[in-house]
Amino acid sequence: MSGDTAPPQVVENFFDVVRLLSDGSVVRGEESALLPAGPFPDVEWKDVVYDTTLSLKVRVYKPPVAAGEGGNKLPVLVYFHGGGYCIGAYDQPMFHSCCQRFAAELPAIVLSVQYRLAPEHRLPAAIDDGATFLSWLGDQAALGAGADPWLAESADFARTFVSGVSAGANLAHHVVVRVASGQIALGALRVVGYVLFSASFGSIERVATETDPPAGVPWTVEVSDQAWRMALPVGATRDHPLANPFGPDSPCLEPMALPPALVVAPEIDVLCGHVLRYAARLQEMGKAVELAEFQGQKHGFSVLEWGDANLELIRILKRFVQQVE
């Protein structure tokens, strides 16, 4: 009888980029074909380490008029990239160009946050990283002139917004909930609003856009389910609190003092039903929610291309940031 053991088998193959093997190991490939670059506006940027233990970085974007009009400091937009919690990176070209555009158009100090990915680091690792980052940013606010020079010079920490796209929007929601429930000490930092672009939520019960998907969806039900299998704790269902904000074990949002939300819902998205439900449930609770629906647009359109819809999105985002105090 041979003593040879069978080689590990591929359990999950995510876009031929991330392969989870039966022995628990992960093989990663090149993501550039999945995440094309966009235009790069003229915005300065630099990387800063916010978690020395895990060597996690934040990319800081400073627009040309760094101190804002009339010498006033600029609002701060925290941004979490997408990728189903399994792929993507804060420094990839399409997220990089999107953050440069946000910084230039709002204008704002934009902070694109690196976080750990699944399946090597299953949830709540990414949420924990987001919380660590906000704590770091609160420490920066407390330092005043001793903070990172770009932040000390230009950031209005009292006007901080938390945002993200797809899985990054899910992350943004959970970080804001931790802030609202008092789990993150912010000090002089004030989160005054949050923005969810094409948010990734789930549930065991299918929404209409999952049972009858719009034609031409780039992020299918099968891909969404696979991402949740790879990102959630082993054995967890899509009703886990980190997937379903209204699941049986999810924290009750009604008593929480959530900041105003801007929820962006593209039509051609199997997750649109979850996004619309999220906005409707918050509105039923009396929360301040602005819903921006984009007909004819696909999941993640905010970073995939720059057309008329993106220009309108910038206008809506700019108005939201300016009106929230």
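Residues numbered from 1 in each chain as written. Predicted model: local features only at pLDDT ≥ 70, side-chain atom pairs only at ≥ 80, totals over all residues. Heavy atoms only, no water.

If you check an unreviewed UniProt entry, the chain appears there as Alpha/beta hydrolase fold-3 domain-containing protein from Eragrostis curvula.

1. Observations concerning the overall build of the chain
Applied cut-off: By definition, any uninterrupted DSSP run of H or I lasting at least four residues is a helix, any uninterrupted run of E lasting at least two residues is a strand, and each is numbered from the N terminus. Burial classification: accessible surface area is computed with a 1.4 Å probe over protein chains only, and a residue below 20% of its type maximum counts as buried, one above 50% as exposed, and the rest as partly exposed. The contact criterion used throughout is that any non-hydrogen atoms of two residues lie within 4.5 Å. Note on areas: these come from Shrake-Rupley sampling with a 1.4 Å probe, and a residue is covered only by the protein chains present in the view. Charge convention: Lys and Arg are scored as positive, Asp and Glu as negative, and His as well as the terminal groups of each chain are ignored. A single reference atom marks each charge: NZ on Lys, CZ on Arg, CG on Asp, CD on Glu.
Summing up its helical and strand segments, the chain has nine helices and eleven strands in all. Principal-axis analysis of the C-alpha atoms gives the chain an extent of 80 × 45 × 40 Å. For the chain, the residues scored as buried account for 56% of the 325 residues in total. Considering only contacts in the chain between residues 6 or more positions apart, those separated by 24 or more positions represent 76%. Surface exposure of the chain reaches about 13,400 Å², of which carbon and sulfur atoms provide 52%. Distance between charge centres in the chain, computed from 23 positive and 37 negative side chains, equals 3 Å.

2. Let's talk about the sheet that holds strand β3 (residues 26–28)
Keep this limit in mind: Pairing between two strands is assigned when DSSP locates at least 2 bridges connecting them. To obtain an axis, a line is fitted to C-alpha atoms, over the contacting stretch when the element is a helix, and the angle between two such axes runs from 0 to 180 degrees between their N-to-C directions.
With antiparallel pairing, three strands are arranged side by side in an open sheet as β1-β2-β3. Every other strand in the sheet has two partners, leaving β1 (10–14) and β3 as the edge strands with one partner each. In this sheet, adjacent strand axes meet at a mean angle of 15° when their direction is disregarded. As paired strands, strand β2 (residues 18–21) and β3 are joined by three bridges and run antiparallel to one another. By the bridge assignment, Leu20 is partnered in β3 with Val26. Helix-sheet contacts for helix α6 (residues 221–231) involve β1 and β2, and the interaxial angle to β1 is about 125°.

3. Section: helix α7 (residues 272–284)
Which entries qualify depends on this criterion: Here the expected length of a helix is defined as 1.5 Å per residue gap, with one fewer gap than residues.
Between its first and last C-alpha, α7 extends 18 Å over 13 residues, near the 18 Å set by a 1.5 Å rise per residue. Looking only at α7, the buried set comprises Cys272, Gly273, His274, Val275, Tyr278, Ala279 and Leu282. Immediately downstream of α7, the backbone of Gly286 shows phi near 85°, a positive value.

4. A look at the packing of aromatic side chains
Our working rule: Note on ring pairs: Phe, Tyr and Trp rings are taken, using the six-membered ring of Trp, and paired if centres are within 6.5 Å. Classes follow the plane angle, with under 30 degrees stacked, over 60 edge-to-face and the rest tilted.
Tallied over the full model, the rule gives eleven aromatic pairs. With a centroid separation of 4.9 Å and 20° between ring planes, the pair formed by Phe201 and Tyr278 is classed as stacked. With a gap of 77 residues between them, Phe201 in the loop between β9 (191–197) and α5 (208–211) and Tyr278 in helix α7 connect regions that are remote in the sequence. Residue Phe201 shares its accessibility class with Tyr278, and that shared class is buried. For the pair Phe294 and Phe301, a centre-to-centre distance of 5.0 Å together with 45° between the ring planes defines the contact as tilted. The same class applies to Phe294 as to Phe301, namely buried.

5. Things to note about the sheet that holds strand β11 (residues 289–298)
Across the sheet, eight strands lie side by side as β4-β5-β7-β6-β8-β9-β10-β11; this open sheet has mixed pairing. Edge strands, defined here as strands with exactly one partner in the open sheet, are β4 (44–51) and β11. When strand polarity is set aside, the average angle formed by the axes of neighbouring strands in this sheet is 20°. In terms of strand pairing, β4 meets strand β5 (residues 56–62) through seven bridges, oriented antiparallel. What sits directly across from Asp47, in β5, is Arg59. Along the sheet face, helix α9 (residues 308–323) touches β6 (74–80), β8 (155–165), β9, β10 (261–268) and β11 and points at about 170° away from the line of β11.

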